[in-house]
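Okay, here's what each chain looks like letter by letter:
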Amino acid sequence: MNSSTFVSESITQTPPIVWTIAGSDSGGGAGIQADVLTMQDLSCHGCSVITTLTAQNSVSVSLVETVSESMLLAQFSSLLADLPPVAIKIGLLASQAQVDILAGCLAQMRATQMMVPFVVLDPVMVASSGAHFNPIDLDFSPLIGLIDLLTPNQHELKRLCSQYALAQYCDVDNKVAQQQQMICDAKLLSDTFKCNVLAKGGDAQWQQQYAIDVYVSKSVKGASITHSNAVFMLSSQRIATTNNHGSGCTLSSAIACFIAHEFVIHDAIVLAKAYVNKGLTLGVSLGQGPGVLARTGWPDDLGMMPSIKLVSSEHLADDSCKQAAPNGFKSLHQPLGIYPVVADIDMLKQLLKAGCKTVQYRAKLAINIDTDDSHVLQGLTLEANIIEAIKLGREYHAQLFINDHWPLAIKHGAFGVHLGQEDMATADLTAIAAAGMALGLSSHSYFEALLAHQCSPSYIALGHIFATTTKQMPSAPQGLSKLKRYASLFARHYPTVAIGGIDLSNLALIADTGVGDAAVVRAVTTADDPAKAYRTLHHKWLQLTRPLPKANLSQEGV
């Protein structure tokens, strides 16, 4: 799919408004100019508050002039009165007075505006050419509690930690020690500023062939509880190029754009990383110095996405999905099609008799006995139901997936197992692969789908698309526009299945997104005749996604 055509279909009908508060780069590679180009490329309306005018080209910065305090305030106030932002990216601030004024403006905005924008601070200190924009280090502490994400590079991370007496020095010749120090510094900075931190590793040459960022997340509304208040390492192959002018500006403004399109911060960061990676790969040289990043539209290249590793409390990266060899899970024998998820053995049998060839048994503890041995009896009933479900799956030659209970699925030889994100992190994926089973994984965001991708599963479930009452979800309904984005990234690499609130009334809309197949729960389980409901959904899905070829009326004799 052509990303340039895809990006024109904005996530929202009206482009969200994103501000950039930064310096002007007369060379057009960084600062305000790079930000506005990025915002336009990612279907946002960019507004600017210029803090500084610079006379620069690709080689050097010859003059820096700070705008007056009255002009800074006038720009902010004028925009706020008519074009309030969904997100704000802050770049170069040229004086302590500007930091203090901006802190006051943001505090007032939070106090008086119904909508509080997401604020990204990219603490620009030095130009790519090496020129210093400020003779002294600025004190950013007035912004504590007013920003949501801080994005320092290695140089800025060290200076900020030193400034706030957070620095702890390590052996500069020890790569492991430096990585642990980077993680420690990012966590300390996150605690100090009470916000998320993305410490960038692009300028950390000790990382060698990989560029590794450290992402420290606070509590994130709409994200899995296992991914909140956590630390991650985001790594990408280092791109050998000198066309990197403005990469930091582009990253922070891209994050603001993805936030404005209502993606959670985890998603915004990995999308922005992919956007910058593609921009660096296709960057162009225009002058005698470093060139600029290409603007490549909405990320739809899985190869540009970073790999994600959870960092343990000991500052060690935990890559649990690599315990299973890539492509070690059984492949699907046939498309999932309409994929019912049921918790009742009798209903499971009805669906299999009706011709259903892929089904998930979401086993529940079926009895409630008030005795000291109730947990034993419940376990026996659970196992008995799983045994019966697997037996029925074999009898009807169906792809039967057991939800969550992977040890019992292995023990009794199920076709496959389906896991959520929390179970994915703790399950023995090596044992599942060794048992020759298929693996399906749930996801509720780009970030979670990328974690699933790193496990090389048999399919990836994308949801929940519409509101659902079948289980409590930490995330908001993803909707059709996001599903289309997810499908464009993953459907070329994996069988994909949408789930969540899907029924006959919206099945055509699901098919239009390009997702591979559709899982259904209430559309079957609450029907008067589940078998009939399944057949109706199945035939409709075939009509929508696998239409019969039309007769060629141009042939002679027809």
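Residues numbered from 1 in each chain as written. Predicted model: local features only at pLDDT ≥ 70, side-chain atom pairs only at ≥ 80, totals over all residues. Heavy atoms only, no water.

This part is about the overall build of the protein chain. When you go through the protein chain residue by residue, the secondary structure sums to 18 helices and 19 strands. The burial tally for the protein chain puts 54% of its 558 residues in the buried class. Relative to all contacts within the protein chain whose residues are 6 or more apart in sequence, the contacts with residues 24 or more apart total 68%. Total accessible area on the protein chain stands at roughly 23900 Å², and carbon and sulfur atoms take up 54% of it. (Helix = DSSP H or I, 4+ residues; strand = E, 2+ residues; numbered from the N terminus. Buried < 20%, exposed > 50% of the residue type's maximum accessible area, 1.4 Å probe, protein only. Contact = heavy atoms within 4.5 Å. Areas by Shrake-Rupley, 256 points an atom, 1.4 Å probe, with all protein chains shown as cover.)

With that settled, the discussion passes to unusual backbone geometry. Cis rather than trans, the peptide bond between Gly463 and His464 has omega equal to -20 degrees. Within the secondary structure, His464 is located in the loop between strand 17 (459-463) and helix 15 (479-490). The phi torsion at Ser43 lies on the positive side, around 60 degrees, for a residue other than glycine. When its relative accessible area of 14% is taken as the criterion, Ser43 is described as buried.

Working definition: two side chains of opposite charge can pair if their charged atoms are close together. In the structure shown here, the tally under the stated rule is 8 salt bridges. Here Asp148 ties to Arg110 by a salt bridge, and the two come within 3.8 Å at their closest N and O atoms. Linking Asp148 in the loop between strand 5 (118-121) and strand 6 (149-150) with Arg110 in helix 4 (residues 96-112), this pair joins segments that are 38 residues apart in sequence. Residue class for Arg110 comes out partly exposed when judged on its relative accessible area of 30%. (Salt bridge = Lys/Arg side-chain N within 4 Å of Asp/Glu carboxyl O.)

Turning next to the packing of aromatic side chains. In the structure shown here, the tally under the stated rule is 11 aromatic pairs. Ring geometry for Phe263 versus Tyr446: centroids 5.5 Å apart, planes at 45 degrees, classification tilted. Taken as a pair, Phe263 in the loop between helix 7 (247-260) and helix 8 (265-281) and Tyr446 in helix 14 (residues 446-453) lie far apart in primary sequence, 183 residues in all. Phe263 sits in the buried class, given a relative accessible area of 3%. The interplanar angle of 80 degrees and the centroid separation of 5.6 Å between the aromatic rings of Phe401 and Phe415 together place this pair among those described as edge-to-face. Of this pair, Phe401 sits in strand 14 (residues 399-403) while Phe415 sits in the loop between helix 11 (406-411) and strand 15 (416-419), and the two are 14 residues apart along the sequence. A residue is classified by how much of its surface remains accessible, and Phe415, at 11% relative accessible area, is buried. Within the aromatic cluster, the residues linked to one another by ring pairs are Phe258, Phe263, Trp298, Tyr446 and Tyr486. Over the aromatic face of Phe263 sits the side chain of Lys482, whose NZ or CZ is 4.6 Å from the ring centroid. Just above the ring of Trp298 sits the side chain of Arg485; from NZ or CZ to the centre is 3.9 Å. (Phe/Tyr/Trp six-rings, centres within 6.5 Å; stacked < 30°, edge-to-face > 60°. Lys NZ or Arg CZ within 6 Å of the ring centre and 35° of its normal.)

The next subject is the nonpolar core. Counting 104 residues, the largest nonpolar core has Ile255, Leu348, Tyr446 and Ile510 as its most contacted members. For this core, the leading source of residues is helix 8, giving 10 residues. In contact with Ile255, not counting residues within four places along its chain, are Val120, Leu149, Thr151, Leu198, Ala268, Ile269 and Ala272. Among the nonpolar cores identified, the runner-up in size contains 48 residues, and Ile17, Val99, Leu102 and Val197 belong to it. (Core = buried A, V, L, I, M, F, W, Y, C linked by side-chain atoms within 4.5 Å.)

A word on the state of the cysteines. All told, the structure shown has 0 disulfides when counted by the stated rule. Here Cys257 is not disulfide-linked; the sulfur of Cys44 is the nearest cysteine sulfur, at 3.8 Å. Residue classification places Cys257 among the buried residues on the basis of a relative accessible area of 0%. (Disulfide = S-S within 2.5 Å.)

Overall, parallel pairing links the 8 strands, which are arranged 12-13-14-15-16-17-18-19 in a closed barrel. Within the sheet, the average angular offset between the axes of one strand and its neighbour, ignoring direction, is 25 degrees. Judged from the 3 bridges that link them, strand 14 and strand 15 form a sheet pairing that is parallel. Across the sheet, residue Ile402 finds its bridge partner in strand 15, namely Val417. Of the strands in this sheet, strand 12 (338-342) and strand 19 (517-520) touch helix 18 (residues 530-545), which is tilted by about 150 degrees from strand 12. (Pairing = 2+ DSSP bridges. Axes fitted to C-alpha atoms, helices over the stretch in contact; angles between N-to-C directions.)

On to the confidence of the model for the protein chain. Residue-level pLDDT values for the protein chain average 89, and 87% of them are 70 or greater. Per-residue pLDDT stays below 50 along residues 365-371; that stretch engages in 10 contacts with residues further than four places along the chain or on separate chains. (pLDDT = per-residue confidence, 0-100.)

For the rest of this paragraph, the subject is the environment of Asp404. Following the sequence through the fold, Asp404 ends up in the loop between strand 14 and helix 11. Judged by its relative accessible area of 30%, Asp404 falls in the partly exposed class. As a C-alpha pair, Asp404 and Tyr361 span 43 residues in sequence and 9.5 Å in three-dimensional space. When neighbours within four sequence positions are excluded, Asp404 is seen to be in contact with Val417, His418, Leu419, Gly420 and Asp423.

Along the chain, Thr52 falls in strand 2 (residues 45-56). In this structure Thr52 comes out as buried when scored by relative accessible area, which is 0%. In terms of polar contacts, Thr52 uses its side chain to reach the side chain of Thr51, at 3.2 Å. Residue contacts for Thr52: discarding those within four places in its chain leaves Ala22, Gly23, Ser24, Val64, Glu65, Thr66, Val67, Leu92 and Ala94. (Polar contact = N/O pair within 3.5 Å; in protein donor to acceptor, adjacent residues only side chain to side chain.)

The geometry of helix 8 relative to helix 14 is characterised by a closest axis approach of 7 Å and an angle of 65 degrees between their N-to-C directions. As judged from the angle between their axes, helix 8 and helix 14 are roughly perpendicular. Facing His266, Asp267, Val270 and Leu271 of helix 8, the residues of helix 14 in contact are Tyr446, Phe447 and Leu450. Among the residues making up the contact of helix 8 with helix 14, the classes are represented as 5 nonpolar, 1 polar and 1 charged. (Parallel < 35°, antiparallel > 145°, perpendicular 65-115°, else oblique. Nonpolar A, V, L, I, M, F, W, Y, C, P; charged D, E, K, R; others polar.)

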